[in-house]
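# Fold and contact review
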Amino acid sequence: MLKAIEQIIAKKRVECRRPLYATAMEVAALTGIPVMEQLKMVRQLERNGIVVVGKTFNGVYYQLVEVMA
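A brief look at the structure comes next. (Residues numbered from 1 in each chain as written. Predicted model: local features only at pLDDT ≥ 70, side-chain atom pairs only at ≥ 80, totals over all residues. Heavy atoms only, no water.)

Before going further, it helps to spend a moment on the sheet that holds strand β3 (residues 60-64). Spatially, the 3 strands line up as an open sheet ordered β1-β3-β2, and their pairing is antiparallel. The open sheet has two edge strands, β1 (22-23) and β2 (51-55), and neither has a second partner. Helix-sheet contacts for helix α1 (residues 2-14) involve β1, β2 and β3, and the interaxial angle to β3 is about 85 degrees. Sheet strands in contact with helix α3 (residues 35-47) are β2 and β3, and its direction is about 135 degrees off that of β2. (Pairing = 2+ DSSP bridges. Helix = DSSP H or I, 4+ residues; strand = E, 2+ residues; numbered from the N terminus. Contact = heavy atoms within 4.5 Å. Axes fitted to C-alpha atoms, helices over the stretch in contact; angles between N-to-C directions.)

Here it is, written out as structure tokens:
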């Protein structure tokens, strides 16, 4: 799941598309994992501070947390 989110965001970054997040529908199209199953899986990533989960007008998005070095 994390790899799918990273791939979607990386593609958007290369294409200079904003905002830089992956929607649940994009992840479902790439992985075949239904949205409700994704939400169960992504909670651990959210708790570990790797991903932020938010709401769009009609769905959910996943945004990677940028780590400042």
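Picking up after the structure, the text goes on.
Here the focus is the environment of Ala-10. Structurally, Ala-10 can be placed in helix α1. Separated by 31 residues in the primary sequence, Ala-10 and Met-41 place their C-alpha atoms 21 Å from one another.

Attention now goes to α1. Taking 1.5 Å per residue, 13 residues should reach 18 Å; α1 reaches 18 Å between its end C-alpha atoms and fits that length. Of all the positions in α1, only Ala-4, Ile-5, Ile-8, Ile-9 and Lys-12 are classed as buried. For α1, the buried positions fall inside an angular range of 125 degrees around the axis, keeping them on one side. Of the exposed residues in α1, those oriented more than 90 degrees away from the buried face are Lys-3, Gln-7, Lys-11 and Val-14. (Expected span 1.5 Å × (residues − 1). Buried < 20%, exposed > 50% of the residue type's maximum accessible area, 1.4 Å probe, protein only. Arc of directions from axis to C-beta.)

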